[in-house]
Amino acid sequence: MGNQYMTDTEEGLLKTYNRFPVVLDHGEGMYLYDTEGKKYLDFTAGIAVCSLGHGNKAFNDALKAQIDKMIHTSNLYYNTTCGQAAQALKKISQMDKVFFTNSGTEAVEGALKAARKYAYEKKSGRYEFIAMEDAFHGRSMGAVSVTGHKEYREPFEPMIDGVHFATFNDLGSVKALVNDKTCAIIMETIQGEGGINPATPEFIEGVRKICDENDILLILDEIQCGMGRSGSYFAWQQMGVKPDIMTMAKAIGNGVPVGAFAMTQKVAEYSLKPGDHGTTYGGNPFACAAVNKVIELFEEEKILDHVNEIAPYLTEKLEEIVAACDKAVKVKGKGLIQGLQVSVPVGEVSRKALEEGLLVISAGGNVLRMIPPLIVEKEHIDEMAEILKKVLA
């Protein structure tokens with residue numbers, strides 16, 4: 001699979017990723033193609049980013065049109081697409097105020113600052129966070145500080161002060177950490193990197209109650225599981241709770257780097273004010289044009305309906321793999337964010353799948369992550385299942 005493109009990349013880039021030995025050149029729908037013309041079925045979607053698949057003409061045309069109009073202005077001025085994108089995200093998220101960032105990590109960073117500023121304005125003296133073991137929230141110092149993987153934190157210690165880790169889906173472990181310094185609880189509604197672990201209704205409802213009773217803010221990270229992947233725009237919308245602050249990114253831009261954190265009016269009134277937080281590129285016309293078109297296409301193409309129709313078939317085929325292959329242990333997740341737990345090294349399975357023309361990545365230490373573009377059809381799921389049965393035989 002190696003070629004000169006790969007060699008040039010290895011020589012020029014800092015090695016911070018263990019990349020697969022393939023150089024991708026272009027994509028179409030559910031498939032990507034390398035520089036040698038080999039075709040790959042994409043069950044990664046750029047790590048849950050490319051929800052509309054590759055080469056969506058309507059999306060691409062909207063970006064080309066915006067390029068011809070204006071790409072960047074800075075946040076010193078209003079622009080024609082930012083307000084539209086904010087209103088569109090408000091509508092689908094049921095939140096009140098939106099701040100645009102360049103990534104999910106930056107969205108988490110902003111959410112943490114907003115929570116501490118809320119506590120500051122309320123003069124509560126609170127500053128601590130409760131986060132979850134096995135959580136993943138990003139790579140900046142703040143986001144790493146609330147990421148529940150010790151190996152991600154240790155090389156960069158000391159982390160920000162006042163972060164405590166509870167056990168995901170164990171309400172008692174959360175209650176044990178709450179004190180008069182707790183300003184917010186942060187968690188993924190469905191853990192992605194940690195192994196495709198959905199919050200149980202009892203857990204998320206219990207955490208919401210703890211927050212309400214103690215004037216603690218609930219921050220839900222929907223960067224990976226949000227934007228339709230669970231079967232609703234955001235996974236918490238199926239669980240009867242509402243966060244005080246929510247982070248999002250990835251699929252809201254379908255490949256254009258954009259993220260956001262949103263908050264309720266209650267938080268906005270006692271939180272970030274002019275000068276507290278900012279970004280040069282966040283909310284730029286190009287990125288917001290992408291957000292607008294993504295939401296428009298979700299509605300036009302009835303993406304949520306499709307996810308809910310096709311997701312049970314994905315679960316069914318993954319269960320068939322478990323029944324047919326001793327190396328496959330169980331199925332996890334919901335909607336089109338599912339995982340296949342395996343009893344062999346998951347990296348080895350991903351590499352063998354790559355050789356067979358399937359792109360799939362890991363989650364946690366032993367789970368294959370199933371996060372295809374949301375346009376996936378039954379024939380693509382069948383193709384994936386046949387390849388994995390061969391790889392896991």
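Refer to the preceding data block for the structure.
Predicted, not measured: the structure shown is a model, and the values here were computed from it.

A look at the overall build of the chain
Right, so step 1: Scanning the chain for helices and strands turns up 14 helices and 17 strands.
Right, so step 2: Relative to its length of 393 residues, the chain is compact, with a C-alpha radius of gyration of 21 Å against a globular reference of 21 Å.
Right, so step 3: Taken along its principal axes, the extent of the C-alpha atoms in the chain is 60 × 50 × 45 Å.
Right, so step 4: Sequence-distant contacts in the chain: of pairs separated by 6 or more residues, those separated by 24 or more amount to 72%.
Right, so step 5: Both charge centroids of the chain, one from 41 positive and one from 53 negative side chains, sit 4 Å from each other.

Some points on the nonpolar core
Right, so step 1: F43, M132, I321, L340, M370, M384 and L388 are the most contacted members of the largest nonpolar core, which totals 86 residues.
Right, so step 2: Ranked by residues supplied to this core, first place goes to helix 12 (residues 303-324) with nine residues.
Right, so step 3: Among residues more than four places away in sequence, those in contact with M370 are F43, L314, L318, L336, I337, Q338, L340, V360, M384 and L388.
Right, so step 4: A107, V163, I245 and F261 belong to the second-largest nonpolar core, a separate cluster that totals 25 residues.

A look at the pattern of salt bridges
Right, so step 1: Scanning the model with the defined rule gives 16 salt bridges in all.
Right, so step 2: Close ionic contact of R208 with D244 constitutes a salt bridge, the shortest N to O distance being 2.9 Å. On the criterion of sequence distance, the pair formed by R208 in helix 9 (residues 201-214) and D244 in the loop between strand 10 (217-221) and strand 11 (245-248) is long-range, its members being 36 residues apart. Taken individually, R208 and D244 each receive the classification buried, so the pair is uniform in this respect.
Right, so step 3: The closest approach of N and O atoms between E296 and K293, which form a salt bridge, is 2.8 Å. Placement of both E296 and K293 in helix 11 (residues 285-300) is noted, with a separation of three residues, approximately one turn of the helix.
Right, so step 4: Through salt bridges with shared partners, a single ionic network connects K317, E320, D382, E386 and K389.

Regarding the packing of aromatic side chains
Right, so step 1: Counted according to the given criterion, the structure contains five aromatic pairs.
Right, so step 2: Judged by centre distance (5.1 Å) and plane angle (25°), the rings of F99 and F261 are stacked. In this pair, F99 sits in strand 4 (residues 97-101) while F261 sits in strand 12 (residues 259-263), placing the two residues 162 residues apart along the sequence.
Right, so step 3: A centroid spacing of 6.2 Å and a plane angle of 80° characterise the contact between Y118 and Y270, whose relative ring orientation is edge-to-face. Of this pair, Y118 sits in helix 5 (residues 104-121) while Y270 sits in the loop between helix 10 (265-269) and helix 11; the two residues are 152 residues apart in sequence, bridging distant segments of the chain.
Right, so step 4: The positively charged end of K39 is found above the aromatic ring belonging to Y31, 4.2 Å away from the centroid.
Right, so step 5: It is K122 that lies over the ring of Y270; its NZ or CZ is 4.8 Å from the centre.

What to know about the pairing of strand 12
Right, so step 1: Across the five residues that make up strand 12, a large majority, five, are buried.
Right, so step 2: Taking every second residue as pointing to the same face, both faces of strand 12 are buried, with G259, F261 and M263 on one and A260 and A262 on the other.
Right, so step 3: Where strand 11 meets strand 12, four bridges bridge the pair, whose relative direction is antiparallel. Residue pairing for strand 12: I245 is matched across the bridge by M263.

Regarding helix 9
Right, so step 1: Between its first and last C-alpha, helix 9 extends 20 Å over 14 residues, near the 20 Å set by a 1.5 Å rise per residue.
Right, so step 2: Residues of helix 9 that are buried: F203, I204, G206, V207, R208, I210 and C211.
Right, so step 3: Turning to helix 9, the residues buried within the fold contact strand 5 (128-132), helix 8 (171-175), strand 7 (182-188) and strand 10.
Right, so step 4: Positive backbone phi, at 55°, marks D215, one or two positions downstream of helix 9.

A short note on the sheet that holds strand 15 (residues 358-359)
Right, so step 1: The sheet built from four strands is open, its strands ordered 1-2-3-15 with mixed pairing. Looking along the sheet, the strands with just one partner apiece sit at the ends: strand 1 (24-28) and strand 15.
Right, so step 2: Judged from the two bridges that link them, strand 3 (residues 39-42) and strand 15 form a sheet pairing that is parallel. In the strand pairing of strand 15, D42 is matched with L359.

Things to note about the packing of helix 4 (residues 82-93) against helix 11
The axes of two packed helices give the description: the angle between them and the distance between them.
Right, so step 1: It is at 8 Å that the axes of helix 4 and helix 11 come closest, and there the two elements cross at 40°. Relative to helix 11, the element helix 4 lies oblique. Regarding helix 4 and helix 11, the two cross each other, and that crossing is left-handed. When helix 4 is examined against helix 11, the residues C82, Q84, A85, A88, L89, K91 and I92 are found in contact with a partner set consisting of C288, V291, N292, I295 and E299.
Right, so step 2: Among the residues making up the contact of helix 4 with helix 11, the classes are represented as eight nonpolar, two polar and two charged.

A few points about the packing of helix 3 (residues 57-69) against helix 11
Right, so step 1: One way to put it is that helix 3 packs onto helix 11 with a least axis distance of 9 Å and a crossing angle of 150°. Between helix 3 and helix 11, the angle is such that the two are roughly antiparallel. Between helix 3 and helix 11 the crossing geometry is right-handed. On helix 11, the residues touching A58, F59, A62, L63, Q66 and I67 of helix 3 are P285, F286, A289, A290, K293, V294 and L297.
Right, so step 2: A class-by-class count of the residues in the contact of helix 3 with helix 11 yields eleven nonpolar, one polar and one charged.

Regarding the state of the cysteines
Disulfide: a covalent bond formed between the sulfur atoms of two cysteine residues.
Right, so step 1: Enumeration over the complete set of coordinates arrives at zero disulfides.
Right, so step 2: Free cysteine C82: the closest other cysteine sulfur is in C288, separated by 4.2 Å.
Right, so step 3: No disulfide involves C225; its sulfur sits 17 Å from that of C211, the nearest cysteine.

Parameters and conventions
- Per chain, the residues get numbers from 1 upward, laid out in the order the sequence is written.
- For this predicted model, a pLDDT threshold of at least 70 governs which residues receive local features, and a threshold of 80 or more governs which side-chain atom pairs are given and counted, while totals over whole chains, interfaces and linings are taken from all residues.
- Side-chain numbers here rest on the full set of heavy atoms in the structure, without hydrogens or water.
- Each helix corresponds to a stretch of at least 4 residues labelled H or I by DSSP, and each strand to a stretch of at least 2 residues labelled E; elements are numbered beginning at the N terminus.
- Two things to know: the radius of gyration comes from C-alpha atoms, and the globule rule equals 2.2 Å times the number of residues to the power 0.38.
- The contact criterion used throughout is that any non-hydrogen atoms of two residues lie within 4.5 Å.
- For this count, His and the chain ends are skipped, Lys and Arg are scored as positive, and Asp and Glu as negative.
- Charge positions are represented by NZ for Lys, CZ for Arg, CG for Asp and CD for Glu.
- To define a nonpolar core, start from buried Ala, Val, Leu, Ile, Met, Phe, Trp, Tyr and Cys residues and group those joined through side-chain atoms within 4.5 Å.
- Burial classes: relative accessible area under 20% of the type maximum marks a residue as buried, over 50% as exposed, and values in between as partly exposed (1.4 Å probe, protein chains only).
- Think of a salt bridge as a Lys or Arg side-chain nitrogen and an Asp or Glu carboxyl oxygen that are within 4 Å of each other.
- Between 30 and 60 degrees the pair is tilted, below 30 it is stacked and above 60 it is edge-to-face, where a pair is any two Phe, Tyr or Trp rings, Trp via its six-membered ring, whose centres lie within 6.5 Å.
- A ring is scored as having a charge over it whenever the NZ atom of a lysine or the CZ atom of an arginine sits within 6 Å of its centre and within 35 degrees of its normal.
- Two strands pair under a simple rule: DSSP has to find at least two bridges between them.
- Any helix carries an expected span of 1.5 Å times its number of residues minus one.
- As a rule, the C-alpha atoms of each element are fitted with a line to give its axis, helices using only the stretch in contact, and angles between N-to-C directions run from 0 to 180 degrees.
- Throughout, the term roughly parallel applies to angles under 35 degrees, roughly antiparallel to angles over 145, roughly perpendicular to angles from 65 to 115, and oblique to all others.
- Two helices that cross are described as forming a left-handed crossing if the nearer one is turned anticlockwise from the farther one by less than a right angle, and a right-handed crossing if clockwise.
- Nonpolar residues are Ala, Val, Leu, Ile, Met, Phe, Trp, Tyr, Cys and Pro. Charged residues are Asp, Glu, Lys and Arg, and all others, Gly as well, are polar.
- When two cysteine sulfur atoms lie within 2.5 Å, the pair is treated as a disulfide.

The values reported here are purely geometric and, on their own, carry no functional implication.
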